Amino acid sequence: MAVSKKDLQSKILDAYPASVMKNRKKHIIIKDSSEIQEIQANTRTIPGIITNRGCAYAGCKGVVIGPIVDMVHIVHGPIGCSYYAWQTRRNKGVAREGGKSFLEYCFSTDMQESDIVFGGEKKLAKAIDEAVEIFNPRAISISATCPVGLIGDDISAVAKSAQEKYGIPVLSFNCEGYKGVSQSAGHHIANNKLMLEVVGKNDIETKPFSINILGEYNIGGDEWEIARVLHKIGYNIMTTMTGNSTYDEIATAHQADLNLVQCHRSINYIADMIEIKYGAPWMKVNFIGIEAMSKTLRDIAEYFDDDNLKKRTEQVIAEEVAELEDEIAGYKAMCDGKTAILFVGGSRAHHYQGLLSEIGISTVAAGYEFAHRDDYEGRDIIPDIKLDADTRNIEEISVEQDAEKFHLRIPAERIEELKSTVPMSVYKGMITDMPDGSMLIDDLNHFETEVLIKALKPSFFGSGIKDKYAVQKMGVYAKQLHSYDYGGPYAGYRGAVNFARDVVAGMFTPAWQYVLPPWKTQPGLVGKYVEEGEA
Ligand code: SF4
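These figures come from a predicted structure and were not determined experimentally. Within each chain, residues carry numbers counting from 1 in the order of the written sequence. Selection of residues for local features in this predicted model requires a pLDDT of at least 70, selection of side-chain atom pairs for listing and counting requires 80 or more, and totals for whole chains, interfaces and linings are taken over all residues. Derived side-chain values reflect all non-hydrogen atoms in the structure, with water molecules and hydrogen atoms excluded from consideration.

Participant: When you look at the packing of aromatic side chains in this model, what are you seeing that I'm missing?
Facilitator: Any aromatic ring pair is given by two values, namely how distant the centres are and how the planes are angled relative to each other. Two rings from Phe, Tyr or Trp (for Trp, the six-membered ring) form a pair when their centres sit within 6.5 Å of each other. Planes less than 30 degrees apart are called stacked, planes more than 60 degrees apart edge-to-face, and all others tilted. Counted by the stated rule, this structure contains 17 aromatic pairs. Look at tyrosine 105 and phenylalanine 135: their rings are 5.0 Å apart centre to centre, the planes differ by 70 degrees, and that puts the pair in the edge-to-face class. Pair noted here: tyrosine 105 is in the loop between helix H4 (79-84) and strand E3 (107-108) and phenylalanine 135 is in helix H6 (residues 121-135), with a separation of 30 residues, a long-range link. Per-residue accessibility, obtained with a 1.4 Å probe over protein chains only, is compared with the maximum for each type, and a residue is labelled buried under 20%, exposed over 50%, and partly exposed between these values. Looking at tyrosine 105, the relative accessible area reads 40%, which means it is partly exposed. Phenylalanine 135 gets classed as buried once you look at its relative accessible area, which sits at 18%. By the ring-pair criterion, three or more aromatic residues cluster together here, those being Tyr352, Phe460, Tyr477, Tyr484, Tyr490 and Phe499. Helix and strand definitions follow DSSP, with helices as H or I runs of at least four residues and strands as E runs of at least two, each counted in order from the N terminus.

This is the structure:
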């Protein structure tokens with residue numbers, strides 16, 4: 001019997017004790033466009049529920065700061081935080097000519113009991129001395145882990161004196177793991193510091209059609225594929241934040257004419273602040289999927305409104321699409337009618353829906369680990385979001401127009417005009433793009449994953465490493481949409497084909513036929529009833 005989404009919702013909720021049920025109920029909705037729907041998100045995780053969430057340190061150092069290639073990123077804390085994050089996120093990067101990359105290292109102060117008792121500031125200062133002596137980096141970051149805030153180590157003071165001693169930027173991030181409720185707090189902390197201490201510090205000669213790509217971390221080479229296409233059209237990429245970036249490139253971000261926001265959740269703070277302080281607007285883009293990629297390229301060209309650029313954009317789109325359409329059509333023929341559940345951090349559960357539908361797979365349920373209501377419902381609701389105690393302890397900074405460096409890139413009226421066709425300073429959220437009847441579920445946990453799989457029987461479950469094998473043991477293909485199962489790139493045109501190829505290989509692998517042993521699917525003995533006297 002088919003399970004209705006309403007039944008499913010109660011099937012999940014009825015299993016919970018009353019207080020848990022009351023909480024989780026607000027995190028699950030069935031899309032119904034005839035009413036205004038509100039989802040609860042970015043609230044505290046229920047203890048013991050087996051969440052997929054991580055911590056603020058993971059969001060700050062692991063996501064936003066870690067990919068900057070020429071900085072030494074020192075993790076101030078006991079060894080676990082550093083060790084478990086050592087090269088497990090596939091943000092690729094290379095040293096620039098004559099420069100350095102430290103991406104393959106993990107740096108830790110390896111705090112011991114005596115550092116907890118007597119404080120770890122001296123050890124941290126010594127770690128910076130060693131890092132400078134051995135690696136001579138362009139800049140250094142210090143990320144605080146849980147105990148650092150509890151014992152009161154003043155990492156900002158240590159950073160300040162190291163900066164004076166060595167004459168290189170030393171950035172300190174108070175991203176203790178208990179801050180906020182998830183990785184999201186760490187994104188915010190990282191954005192604040194990058195904005196205050198890095199962006200705007202390096203002025204170089206600019207070129208026409210200068211852009212920044214924000215919230216793109218070059219997982220499996222995504223940024224390289226996006227940049228390949230943007231360069232082919234004629235854009236000048238000042239910096240990407242922060243996949244394959246360098247300290248000096250990020251410091252030029254204020255000079256670009258347009259910011260392209262891929263992951264809204266992790267970088268929207270900087271996008272907004274650059275617009276206020278330096279006058280360059282931002283646009284929501286999506287480089288995942290063929291149609292989304294083409295639309296994004298056309299939107300960017302529309303913003304710059306240059307005939308040659310528009311012509312070149314169309315040429316590049318035609319060339320790129322011609323290269324892949326036959327192969328994609330083949331994959332679509334194989335996957336047509338299949339369904340997917342997506343549960344990914346704070347943006348990919350939305351971005352991948354278009355690409356999946358291009359190969360015939362429709363998304364029936366989707367959710368985020370740590371997104372906020374605006375990532376689900378769109379930025380219009382930001383003024384209605386109530387700040388709770390967990391959010392209030394993340395510093396909110398405000399910036400003002402820079403007297404020297406602020407200039408409007410295009411007239412304000414033109415931006416207003418563009419808004420009718422191009423997502424300028426706007427993000428409509430995931431709910432808008434999902435059909436009625438589909439399920440949205442925030443901070444999915446292990447129990448809910450099992451219920452969803454059994455009831456909706458998807459062919460594809462897109463999420464992370466923690467649930468991949470639990471899901472595959474249930475006989476459903478689970479694809480990691482964080483690490484790409486060590487493949488990629490999946491962004492851009494060539495990335496779309498890579499993705500489709502990997503999905504087809506995973507979904508149609510012959511091993512799925514052997515999940516059940518033959519004696520459970522076929523009779524072991526075959527006999528027939530014979531009347532006495534019959535042959
Ligand atoms: S929660 Fe605390 S101890 Fe755990 S990884 Fe994050 S910073 Fe480290």
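Participant: Got a minute to help me understand the side chain of aspartate 222 in this structure?
Facilitator: Checked against the element boundaries, aspartate 222 lands in helix H10 (residues 222-233). We treat Lys and Arg as the positive residues and Asp and Glu as the negative residues; His and chain ends play no part in the count. The term salt bridge refers to a side-chain nitrogen of Lys or Arg lying within 4 Å of a carboxyl oxygen of Asp or Glu. Nearest to the buried, unbridged aspartate 222 among oppositely charged side chains is arginine 348, at 4.8 Å. Any pair of nitrogen or oxygen atoms within 3.5 Å is treated as a polar contact; in protein, a donor-acceptor pairing is required on top of that, and neighbouring residues in sequence qualify only through side-chain atoms on both sides. From its side chain, aspartate 222 meets the backbone nitrogen of alanine 491 in a polar contact 2.9 Å long. Any two residues having at least one pair of non-hydrogen atoms within 4.5 Å are treated as being in contact. Leave out the neighbours within four places in its chain, and aspartate 222 touches Glu216, Tyr484, Pro489, Tyr490 and Ala491.

Participant: I would appreciate a short explanation of the side chain of serine 172 in the present structure.
Facilitator: Along the chain, the position of serine 172 falls in strand E5 (residues 170-173). The class of serine 172 is buried, set by a relative accessible area of 5%. Not counting residues within four places of it along the chain, the set of residues in contact with serine 172 comprises Ile142, Ile155, Ser156, Ala159 and Lys193.

Participant: Even after reading the chapter, I still don't get the site of the ligand, so can you show me in this structure?
Facilitator: Put simply, a residue is near a molecule or strand once any heavy atom of it comes within 4 Å of that molecule or strand. Close contacts around the ligand come from Cys55, Tyr57, Cys81, Thr145, Cys146 and Gly177, and that covers them all. The nonpolar class holds Ala, Val, Leu, Ile, Met, Phe, Trp, Tyr, Cys and Pro. Asp, Glu, Lys and Arg form the charged class, and all remaining residues, Gly among them, are polar. Of the residues belonging to the shell around the ligand, the class tally is four nonpolar, two polar and no charged.

Participant: What am I meant to see in the UniProt feature "domain: Nitrogenase/oxidoreductase component" (unreviewed entry) in the protein chain here?
Facilitator: UniProt positions are given in the numbering used here, feature names are shortened, and annotations may be inferred rather than shown by experiment. UniProt tags residues 55-505 as "domain: Nitrogenase/oxidoreductase component" (unreviewed entry). Secondary structure across residues 55-505 comprises 46% helix and 14% strand; the distance between its end C-alpha atoms is 33 Å.

Participant: Can you walk me through the sheet that holds E5 in this structure?
Facilitator: The strands making up a sheet associate through hydrogen bonds between their backbones, and the pairing can be parallel or antiparallel. With respect to topology, four strands assemble into an open sheet ordered E3-E2-E4-E5, the strand pairing being parallel. Strands with a single pairing partner mark the edges of an open sheet, and in this sheet they are E3 and E5. Strand pairing is assigned whenever DSSP detects at least two bridges linking the two strands. Where strand E4 (residues 139-144) and E5 come together, four bridges link them in parallel fashion. Bridge pairing in E5 places isoleucine 142 opposite serine 172. The axes used here are C-alpha line fits, helices contributing only the stretch in contact, and every angle between their N-to-C directions lies in the interval 0 to 180 degrees. The strands touched by H6 are strand E2 (71-76), E3, E4 and E5; relative to E2, the strand with the most contacts, the crossing angle is about 155 degrees.

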